[in-house]
Amino acid sequence: MHDDISAAWRSFDLHAPTDEHRLLAETLQTFVAQEVEPQAAQYNREERFNLALFRRAGDLGLLGLTVSESDGGAGLDATAAVLVHEALSAADPGFCLAYLAHAVLFVHNFARNGSAAQKERVLSKAISGEWIGGMCMTEPEAGTDVLGMRSTAVRQGDHYILNGRKMFITNGAIDDRTTGDVFLVYAKTDSKISTFLVEKGFSGFSLGQRLHDKLGVRASMTAELVFDNCVVPVSNLIGSEGESSKHMMRNLEIERLTLAGMSLGIALRCLEVMVGYSNERKTFGVPIREHGQIQRHIAESYSEFRAARCYVYDVARRLDLSSFGNRVDADGAKLFAARIAKEIADRAIQVLGGYGYMGEYVVERLWRDAKLIEIGGGTVEAHHKNITKDLCRAPELIRR
Amino acid sequence: MKILVTVKRVPDPNASIKVKPDGTGIITDNLKYVVNPFDEIAIEEALRLKEKSGGAEVVLVSVGSKTAQEQLRTGLAMGADRAILVVAEQELDSLAVARIFHKLVQDEKADLVLLGKQAIDDDANQTGQMLAALLGWPQATFASKTDSLESEAEKSGTPGIQISGGAAKVVREVDGGLETLELPVPAVITVDLRLNVPRYASLPGIMKARKKELKELAIDSLGVDVKPKLKILRLDPPPKRQAGRKVGSVQELVQALHNEAKVI
């Protein structure tokens, strides 16, 4: 009996616990190799969004990954979501960020919080990829400090008048002129924050500017969006007035975990490149893997990657997408994964030397991409604050 | 029409295979397993024939360990309708496997059997031929097609095997070219590499596969003689490739090619 238990436990795969996860991983492996990898260098260099590839992800069902089957999605869990982000980011974190902004920040959030009538009208278009979505929280002068936002919504009869500006909105634009199709927009109604569904073409909604010249993740489009007396039908209010903190809370953990998944993909690819190169490149008559300094880069990177991977997937395993309140570990997983991915990318460049500094060897791009995860979806400083607050309030979390 | 497609669980072709020091087999620790790539092409062809005819049923059959469920699930996620696994933990030779398939084809009353031309683990290339002989059915081996894998016909998912009026038209790869055969159905067809590019499972396909039937049969319940007629004596890894050598002049190169490599 004891042997049976340990055998089952030994063969348990944290990264692919069920047949569905394993099949998803197989599909991703082929999709990424055949369709994502070949376009990554070009689209990132040219700062362009690959709409055709995005729609291919829709064809494969990836855009409705975590939406319940009754709502037209695949009904998969947080582990599947991490798996997808890790696989996409191993080839193209820029494309993956556009995917995340749509599938997690918009689709997942909307499917959890939207009404049946709202979902009926919008969800199938978002899951197929016909509509490109995003989420608007950050403003030019309010990021981590969410409650400091200035956007307002005032009800007038059967609509709201929305005013304000939203900044750094992924999928805010799909090129230099066109906004994305549909957004969850947070704005203050009286003193509390409410969530609105704003659609392309609404009167008073426009593209302020598409933001160019980001450090990394350049295949995702980032924009400033302007709401100037924007007319939003009352039927596009999500839930009730003042409910946004609930909507944000419900989505926060999966957002942070999938961002952590992006870091895992970056780290994984950088390690592969580093190890491959150290086997081939020779200095002083021997492969550079023989040098202690290179060994330290590889060994530390590998052990940190494995540790991060266990942490992120273990938090994903525990996460029930219909509940919330697991903030400390979603923050913790992202905090750790973001840092190690950045450091592993840095070591990869160091191991490759001059070649690592060149775009052709990929790690240069991943090094620039890696930094984002320390800022987007919660800054490192926000995670420090949250984790400390949660632990001091409930120290029993440490021993759990 | 009912199409039976065979699926074998084999080591990943991209994995590096190591032979056990005593030569009795290969080292299977941490080895990843996949659907035999030729069988994947057979599944794809069956799905295309089904999509074109509108009424076919695609049944996957496998013989092997319980873990071969994984490969059958992959085929179900691609779009096959149901699967049968004959559970056998022992080693089986090609004839035993052909006999098991023979029984399944009769029980299922299949109209067409598609197999990979060979499995990439032992490369025996005989199960399809033996099965045709046992059934007394016509066979076409190494099915390919005239359109290239980059052609529009391929991209639109047109089957390479054409079935109409009770006959199958099969383009075969033969030495130095292609041969086109016509054979009456029911028939056994084994497929080659250039027949199609197999699809990969979509998420809805993966989720649907969960609810599809995967029936397990104990090998003893079939009443088939599976006693091995063939014994593997030992396995040896291929000889290690020799390191290359730089030569100083064309003359030296010609000499080496003539005297050492003996190729000119």
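Rules and cut-offs
- Residues numbered from 1 in each chain as written.
- Chains lettered and ligands numbered in written order.
- Predicted model: local features only at pLDDT ≥ 70, side-chain atom pairs only at ≥ 80, totals over all residues.
- Heavy atoms only, no water.
- Helix = DSSP H or I, 4+ residues; strand = E, 2+ residues; numbered from the N terminus.
- Buried < 20%, exposed > 50% of the residue type's maximum accessible area, 1.4 Å probe, protein only.
- Contact = heavy atoms within 4.5 Å.
- Areas by Shrake-Rupley, 256 points an atom, 1.4 Å probe, with all protein chains shown as cover.
- Lys, Arg positive; Asp, Glu negative; His and termini not counted.
- Charge placed at Lys NZ, Arg CZ, Asp CG, Glu CD.
- pLDDT = per-residue confidence, 0-100.
- Expected span 1.5 Å × (residues − 1).
- Bend = angle between axes of the 7 residues up to and from the residue.
- Domains from an automatic or database assignment.
- Buried area = accessible area lost by both parts, 1.4 Å probe.
- Salt bridge = Lys/Arg side-chain N within 4 Å of Asp/Glu carboxyl O.
- Polar contact = N/O pair within 3.5 Å; in protein donor to acceptor, adjacent residues only side chain to side chain.
- Pairing = 2+ DSSP bridges.
- Phe/Tyr/Trp six-rings, centres within 6.5 Å; stacked < 30°, edge-to-face > 60°.
- Lys NZ or Arg CZ within 6 Å of the ring centre and 35° of its normal.

Let us now look at the overall build of chain B. What chain B contains, in helices and strands, is seven helices and 12 strands. Dimensions of chain B, computed from C-alpha atoms along their principal axes, come out at roughly 70 × 45 × 40 Å. Going through the 264 residues of chain B one by one, you find that 44% of them count as buried. A fraction of 72% describes how many contacts in chain B between residues 6 or more apart in sequence connect residues 24 or more apart. Surface summary for chain B: the accessible area is close to 14200 Å², and the carbon and sulfur share equals 52%. Once the 36 positive and 36 negative side-chain charges of chain B are each reduced to a mean point, those two points are 2 Å apart.

Looking at chain B as a whole, its pLDDT mean stands at 94, while 100% of the residues score no less than 70. Reported confidence for the predicted complex is 0.84 by ipTM and 0.90 by pTM.

Residues and elements named next belong to chain A. Between the first and last C-alpha of helix 7 (residues 244-280) there are 54 Å, a value that for 37 residues agrees with the 54 Å anticipated at 1.5 Å per step. The largest bend in helix 7 amounts to roughly 35° and is located at Leu252. Of all 37 residues making up helix 7, 27 are buried, and the element is well covered by its neighbours.

What follows is about the domain arrangement of chain A. All names here are of chain A. By domain assignment, chain A separates into domain 1 (5-128), domain 2 (133-238) and domain 3 (244-399). For domain 1 versus domain 2, the distance between C-alpha centres works out to 24 Å. Of the residues lining the interface, 22 residues belong to domain 1; the matching set on domain 2 comes to 25 residues. Across the interface of domain 1 and domain 2, roughly 1900 Å² is buried in total on both sides, 59% from carbon and sulfur atoms.

So, on to the interface of chain A and chain B. Tallying the contact residues gives 21 residues for chain A and 14 residues for chain B. Interface area, chain A with chain B, both sides summed: about 1500 Å², of which 59% is carbon and sulfur. Where chain A packs against chain B, one counts three salt bridges. Of the charged contacts in the structure, one is a salt bridge between Arg210 of chain B and Glu69 of chain A, with a shortest N-O distance of 3.1 Å. Run the count over chain A and chain B and you get eight residue pairs in polar contact (both at pLDDT 80 or more). Looking at which element gives the most residues to the side of chain A that touches chain B, the answer is helix 2 (residues 19-45) of chain A, with 12 residues.

Now for the pairing of strand 4 (residues 182-189) of chain A. It is a general feature of regular strands that their side chains alternate between the two faces of the sheet. All names here are of chain A. When you tally the buried positions in strand 4, you get seven out of eight residues, the bulk of the element. Bridge analysis of strand 4 against strand 5 (residues 192-199) gives eight bridges, and the strand direction is antiparallel. For Leu184, the partnering residue across the bridge sits in strand 5 and is Leu197. As consecutive antiparallel partners, strand 4 and strand 5 are separated by two residues, and within that stretch Asp190 has a phi angle of approximately 55°, a positive value.

Let us now look at the pattern of salt bridges. A pair can form between side chains of opposite charge whenever their charged atoms are brought close. The tally for this structure, following the rule as stated, stands at 57 salt bridges over all chains. Across the pair Asp213 of chain A and Arg218 of chain A runs a salt bridge whose closest N-O atoms are separated by 3.0 Å. Its relative accessible area of 19% is what places Arg218 of chain A among the buried residues. For Asp107 of chain B, the salt bridge identified is with Lys103 of chain B, shortest N-O distance 2.9 Å. You can see Asp107 of chain B and its partner Lys103 of chain B sitting in helix 3 (residues 94-108), four residues apart, about one turn around the helix. Relative accessible area serves as the criterion here: at 45%, Asp107 of chain B is assigned to the partly exposed category.

Residue and element names in this part refer to chain A. The topology assignment puts Glu47 in the loop between helix 2 and helix 3 (51-59). Accessibility expressed as a relative area gives 14% for Glu47, which makes it buried. A polar atom in the side chain of Glu47 sits 3.0 Å from the backbone nitrogen of Asp213.

Below, the discussion takes up the packing of aromatic side chains. As enumerated under the stated definition, the model contains eight aromatic pairs over all chains in all. Ring geometry for Tyr355 of chain A and Tyr361 of chain A: centres 5.2 Å apart, planes at 55°, overall tilted. We classify Tyr355 of chain A as partly exposed; its relative accessible area is 39%. On the basis of relative accessible area, Tyr361 of chain A is assigned to the partly exposed category, the value being 29%. Among the aromatic residues, those joined into a cluster by ring pairs are Phe183, Phe205 and Phe227 of chain A. It is Arg9 of chain B that lies over the ring of Tyr33 of chain B; its NZ or CZ is 4.3 Å from the centre. Directly above the ring of Phe142 of chain B sits Lys117 of chain B, whose terminal nitrogen or CZ lies 5.3 Å from the centroid.

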